Amino acid sequence: MNENNDDILIQLKGLTKRFGNFYAVSNIDLEIKRGEIVGFLGPNGAGKTTTMKMMAYLLRPTAGEIWIRNNGDLTRLSSKNRDYLLDNIGFMIEIPTFYGDMTPRQILSYFANLKGYPRKKVKIRVEEVVRLFGLSEWIDTKIKKFSKGMKQKIGIGSAIIHDPEIIVLDEPQTGLDPKARKDVRDLILKLKQMEKTIFLSSHLLYEISEVADRIAIIHKSKLIAYDTLDNLELKSRKSLINFELIDYSKHNLTDLIERLNKIILPLNGLGSGSVNKIRFNENSKMFEVPFNGVPENQLKIHKALFENNFNVLEFSVPKANLLESLFIDLTDESYKEMLSPEREIIPN
Amino acid sequence: MSTELKQEQLEIEKIIKEKQTIGINRYITQITDTINFEIKRTWKTFIIMLFVYLGIFLLSLLLAELREAAGVELPEESIDYLGDYFGFFGILIIISTATFGGGIIAEDFQKQTGNLLFPKISKSRLLIGRIISRYALNVILIAFYYLMVGIITFYKYQELPDTYIISMGWALFYTFMVFTIVIFMSSINKSKSAAIIISILLFLIAFNIIDSILMFTRTGIEPIFLPTYYENIIQASLDMPDPRFETVSFGRPGGNNPEFKRWLTPSIPGAIIGMSLISFLTLTAAYLLYKTRQSKNE
Ligand SMILES: Nc1ncnc2c1ncn2[C@@H]1O[C@H](COP(=O)(O)OP(=O)(O)O)[C@@H](O)[C@H]1O
Ligand SMILES: [Mg+2]
């Protein structure tokens, strides 16, 4: 096994779930690595919850496999090993609801015991988790008196109570007010600091983009993209110019890109911003320039390259791929919502 | 160096051993943890029910005392006195069992509490833990009632019939069977309250109507398939009637009224087999429905 593989904590292979003739999840391949936060983005009904339920062994996959690392080995999840294999994961799937007459202490202790947390340490652990959420004074209060945001926190608390390495959260911010959403976001970042690996879903891009290292986009049961936010945003620009320079290897690449940025970026019609920078694509050996898709800008960029004595071999505007068209063609209402640029103002 | 390696070896062996034992150990601890949690959770209901049982006992006592005060003599046998306390007992069992059991399956889907619970414990273990805890609380209620009835009978007669304990055994068995039917109702109903109400209506009305239909249609069939029929053995076992049926007639006194056969109680083997069979079937059906049930609230 090489080093790269050792970092994978969860691997989904061809994961599929069919309800009757309807595919809720089709053929999903996904790897989650140690210590990263992976956002699982898709509109309502895309198949996020169904995927997570399969990971929790609440639903049996119609096809495909789930591999989870525990005690060092990547092991295939099955009915025989699910008890100890899933000890390494904490789940919060769909809206967390509690028995209103019980207190966080009672419920979290019960959950910690169920998951085999060392008995003598349960009491301390429960208090520790509740403190992490800033709810210490509420530890013995009946949950029916809690606000939505507080319940959500206890929901996340119940996912991490047995101190798993991996945490799976299904729409942890949905339905919360901005203040509570910020709290949840901060909490997720705190968990990341504790070196937890987190897989969290949302139907809103901005919720995920605040925390995720990589984003997996699921659309109508299919995984259509899995990349860092920067790369996704880059790809989602209106258009991309690809060009090849004959003698680029003679130069220091970083310096070259710096120079290109200076010359070209003012002409791309997108304004400035880190995601609009020029990139060098290692696979195609091409430089990629995001631009606004207007022919006039394309021409200006072309001219500028010649005027600055760059030996351009190829210069093209490739057709939009699936992801681009998805981001561009916002006819689908649900995607309009998902990609809504309006970020509600979150108090800091 | 070699000791370090040995240490590592031991560590690995320990982990492997843990993996192997997690199955049976976890099975038991999860069930006991569930029992623990469920008792805390149903404690309030239990206390309320305790007062209901106490109330019914006190009312029965009041009736007995009023009768005595009005000059009606005490029955000659302690068995007959004891029997007077079981007039409402069947209803009591149904109410408390339905209250304890109505939410056993439906609640987690109705309130969506299953979202957090099911990734942590399998449905079968959860159900076993809940059945044990709630049945145990029900057992305490019934034992409490028998205790009070026993005390008052002993106070009046300085003795208790031998069949006192046997009757309690039947009451507990009958309660378990009622419980399985309530669990079944909880598996097919959307909400806890629907399961409770339908269970109570089923026992207090539906089954009794079927019983009457059987009698009036003169089929002569012993209603062994009717759960309510088995309630009779609780009281009858104090002093088993022979034969186990009677002939009754309805209409104007002295008129030429038709006669009907009414079954009083199942036989002992009949009750054991009948109640076991009903419990087994309903519980199996409930479990199978539970296993495939999912919360659909999207
Ligand atoms: N038990 C089920 N039976 C039939 N269809 C289901 C079931 N669960 C989910 N679905 C369907 O599968 C699709 C994906 O659902 P879900 O995974 O909940 O989406 P998301 O969490 O992304 O909103 C939806 O169209 C939903 O209606
Ligand atoms: Mg969902």
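About the cut-offs
- Along each chain, numbering runs from 1 in the same order as the chain's sequence is written.
- Here the convention is simple: chains get letters from A, ligands get numbers from 1, in the order in which they are written.
- A pLDDT threshold of at least 70 governs which residues receive local features in this predicted model, and a stricter bar of 80 or more applies before side-chain atom pairs are shown or counted, although totals over entire chains, interfaces and linings include all residues.
- Excluded from the side-chain calculations are hydrogens and water; all other atoms, namely the structure's heavy atoms, are used.
- Secondary structure elements are defined from DSSP: runs of H or I of at least 4 residues count as helices, runs of E of at least 2 residues count as strands, and each element is numbered from the N terminus.
- Burial here depends on accessible area, computed with a 1.4 Å probe over protein chains only, as a share of the maximum for the residue type. Under 20% is buried, over 50% is exposed, and the range in between is partly exposed.
- Throughout, a contact is declared for two residues whenever any of their heavy atoms are within 4.5 Å.
- For accessible areas, the Shrake-Rupley method is used with a probe of radius 1.4 Å. Any residue's cover is judged against the shown protein chains and nothing else.
- Neither His nor the chain ends is counted toward charge; the positive residues are Lys and Arg and the negative residues Asp and Glu.
- All charge positions are set by atom: Lys at NZ, Arg at CZ, Asp at CG, Glu at CD.
- In plain words, nonpolar cores are sets of buried Ala, Val, Leu, Ile, Met, Phe, Trp, Tyr and Cys residues tied together by side-chain atoms within 4.5 Å.
- Salt bridges, as used here, are contacts in which a Lys or Arg side-chain nitrogen is within 4 Å of a carboxyl oxygen on Asp or Glu.
- Here a strand pair is declared whenever DSSP counts at least two bridges between the two strands.
- To get an axis, fit a line to the C-alpha atoms, keeping to the stretch in contact for a helix; angles then go from 0 to 180 degrees between the N-to-C directions.
- Accessible area, probed at 1.4 Å, shrinks when two parts are joined; the buried area is that loss added up over both.
- By the criterion applied in these results, polar contacts are pairs of N or O atoms within 3.5 Å in which, for protein atoms, one can donate a hydrogen and the other can accept it, and in which residues neighboring in sequence qualify only through two side-chain atoms.
- Three categories are distinguished: nonpolar for Ala, Val, Leu, Ile, Met, Phe, Trp, Tyr, Cys and Pro, charged for Asp, Glu, Lys and Arg, and polar for the others, with Gly belonging to the last.
- Our angle categories are set so that under 35 degrees counts as roughly parallel, over 145 as roughly antiparallel, 65 to 115 as roughly perpendicular, and the remainder as oblique.
- Each helix crossing is assigned a hand: it is left-handed if the near helix lies turned anticlockwise from the far helix by less than a right angle, otherwise right-handed if that turn is clockwise.
- Without a salt bridge and with relative accessible area above 30%, a residue can belong to a patch; like charges are then joined within 9 Å and nonpolar side chains (Val, Leu, Ile, Met, Phe, Trp, Tyr) within 5 Å.

J.: Explanation requested: the overall build of chain B in the structure shown.
T.: Looking only at helices and strands, one finds ten helices and two strands in chain B. Along the longest, intermediate and shortest principal axes, the C-alpha atoms of chain B span 105 × 45 × 35 Å. For chain B, with 298 residues in total, the buried portion stands at 45%. Contacts spanning at least 24 positions in sequence make up 78% of the contacts within chain B whose residues lie at least 6 apart. As presented, chain B carries roughly 15600 Å² of accessible surface, and 65% of it is formed by carbon and sulfur atoms. The distance from the centre of the 26 positive side-chain charges to the centre of the 26 negative ones in chain B is 14 Å.

J.: Is there a simple way to think about the nonpolar core in this case?
T.: Nonpolar side chains in soluble globular proteins tend to be buried together. The biggest cluster of nonpolar side chains holds 115 residues, and the ones touching the most others in it are Tyr-85, Phe-89, Tyr-145 and Tyr-174 of chain B. In terms of residues, this core owes the most to one element, helix H6 (residues 123-157) of chain B, which gives 13 residues. If you look at the next biggest cluster of nonpolar residues, it comprises 31 residues, including Leu-12, Ile-32, Leu-85 and Val-168 of chain A.

J.: Would you mind going over the pattern of salt bridges with me for this structure?
T.: A side chain with one charge can pair with a side chain of the opposite charge if their charged atoms come near. Applying the stated criterion to the full structure yields 33 salt bridges over all chains. Linked through salt bridges whose partners overlap, the residues forming this network are Glu-38, Arg-41, Glu-107, Asp-108, Lys-111, Arg-130 and Arg-134 of chain B.

J.: Which parts of the structure should I look at to understand the sheet that holds strand S1 (residues 8-19) of chain A?
T.: Backbone-to-backbone hydrogen bonds join strands into a sheet, with any given pair of strands oriented parallel or antiparallel. All names here are of chain A. What the four strands build is an open sheet, ordered S2-S1-S4-S5; its pairing is antiparallel. Looking at strand neighbours, the two that pair on one side only are strand S2 (22-33) and strand S5 (73-76), the edges of this open sheet. Sheet twist, expressed as the average angle between the axes of neighbouring strands with direction ignored, equals 20 degrees. Where S1 meets S2, eight bridges bridge the pair, whose relative direction is antiparallel. Bridge pairing links Gln-11 to Glu-31 in S2. Together, S1, S2 and strand S4 (63-70) form the strand contacts of helix H2 (residues 48-55), whose direction differs from that of S1 by roughly 115 degrees.

J.: Looking at this structure, how should I read the interface of chain A and chain B?
T.: Think of interface size as the accessible area that goes away when the parts come together; that is how it is often given. On the chain B side, the residues contacting the 32 residues of chain A number 31 residues. In total, chain A and chain B occlude about 3000 Å² of area from one another, counting both sides; carbon and sulfur atoms represent 56% of this. The three residues of chain A that bury the most area against chain B are Tyr-99, Tyr-110 and Leu-114 of chain A, which together make up 26% of that side's buried surface. For the pair chain A and chain B, the number of links is three salt bridges. Among the salt bridges present, the one from Asp-87 of chain A reaches Arg-26 of chain B, with a minimum N-O distance of 2.6 Å. Between chain A and chain B we count twelve residue pairs in polar contact (both at pLDDT 80 or more) in total. Sorting the residues of the side of chain A that touches chain B by element identifies helix H3 (82-85), strand S6 (89-92), helix H4 (104-114) and helix H6 (148-160) of chain A as the ones contributing at least two each. It is H4 of chain A that contributes the most residues to the side of chain A that touches chain B, six residues altogether. Grouping the constituent residues of the side of chain A that touches chain B by class yields 16 nonpolar, seven polar and nine charged.

J.: For this particular structure, what's the right way to read the packing of helix H3 (residues 89-101) of chain B against helix H7 (residues 163-188) of chain B?
T.: A pair of packed helices can be characterised by two numbers: the angle between their axes and the separation between those axes. Residue and element names in this part refer to chain B. Axis separation between H3 and H7 bottoms out at 9 Å; the angle between their running directions is 45 degrees. Taken as axis vectors, H3 and H7 run oblique relative to one another. For the pair H3 and H7, the sense of crossing is right-handed. Contacts from Phe-89, Ile-93, Ile-94, Thr-97, Ala-98 and Gly-101 of H3 reach H7 at Ala-171, Tyr-174, Thr-175, Val-178, Phe-179, Val-182 and Ser-186. Here the residues of the contact of H3 with H7 are counted per class, giving nine nonpolar, four polar and no charged.

J.: Would you take a moment to explain unusual backbone geometry for this structure?
T.: Most peptide bonds are trans, and most residues other than glycine sit at a negative phi. A positive phi angle, close to 65 degrees, is found at Glu-195 of chain A, a residue other than glycine. Its place among the elements puts Glu-195 of chain A in the loop between helix H7 (178-193) and strand S8 (197-202). Judged by relative accessible area, Glu-195 of chain A falls into the exposed class, the value being 63%. Its identity as a non-glycine residue notwithstanding, Gln-112 of chain B has a phi of 65 degrees, on the positive side. With respect to the secondary-structure elements, Gln-112 of chain B resides in the loop between helix H4 (106-110) and helix H5 (114-117). Classification of Gln-112 of chain B as buried rests on a relative accessible area of 8%.

J.: Would you take a moment to explain the environment of Leu-267 of chain A for this structure?
T.: Residue and element names in this part refer to chain A. As for its placement among the helices and strands, Leu-267 is situated in the loop between helix H10 (253-264) and strand S12 (279-281). Residue Leu-267 is classed as partly exposed on the basis of its relative accessible area of 23%. When the C-alpha positions of Leu-267 and Asn-297 are compared, they lie 6.1 Å apart, and in sequence the two are 30 residues distant.

J.: What exactly am I supposed to notice about a nonpolar patch on the surface here?
T.: Residue and element names in this part refer to chain B. A surface patch of nonpolar side chains, about 770 Å² in accessible area, is lined by Phe-88, Ile-91, Ile-95, Ile-197, Leu-201, Leu-204, Ile-205, Ile-209 and Ile-213. Mapped onto the nonpolar patch, the elements with two or more residues apiece are H3 and helix H8 (192-216). Ranked by the residues each element gives to the nonpolar patch, the list is headed by H8, at six residues. By the secondary structure assignment, Ile-91 is in helix H3.

J.: I tried to follow a negative patch on the surface on my own but got confused; where do I start?
T.: All names here are of chain B. Taken together, the side chains of Glu-73, Glu-76, Glu-77, Asp-80, Glu-159, Asp-162 and Asp-239 present a region of like negative charge at the surface. Its location among the elements puts Asp-162 in the loop between H6 and H7. Classification of Asp-162 by relative accessible area gives exposed; the value is 75%.

J.: Before we go on, may I ask you to explain the sheet that holds strand S3 (residues 37-41) of chain A in this structure?
T.: All names here are of chain A. Spatially, six strands are ordered S6-S7-S8-S3-S9-S10 in an open sheet, and the strand pairing comes out mixed. Each edge of the open sheet carries a strand with a single partner, namely S6 and strand S10 (222-228). Between one strand and the next, the sheet's axes are offset by a mean angle of 15 degrees, whatever the strand orientation. Pairing between S6 and strand S7 (residues 166-169): four bridges, direction parallel. Counterpart to Ile-89 in the pairing with S7 is Ile-166. Along the sheet face, H2 touches S3, S6, S7, S8 and strand S9 (214-219) and points at about 145 degrees away from the line of S8. Across the sheet, H6 lies against S6 and S7, angled at about 155 degrees from S6, the strand it touches most.

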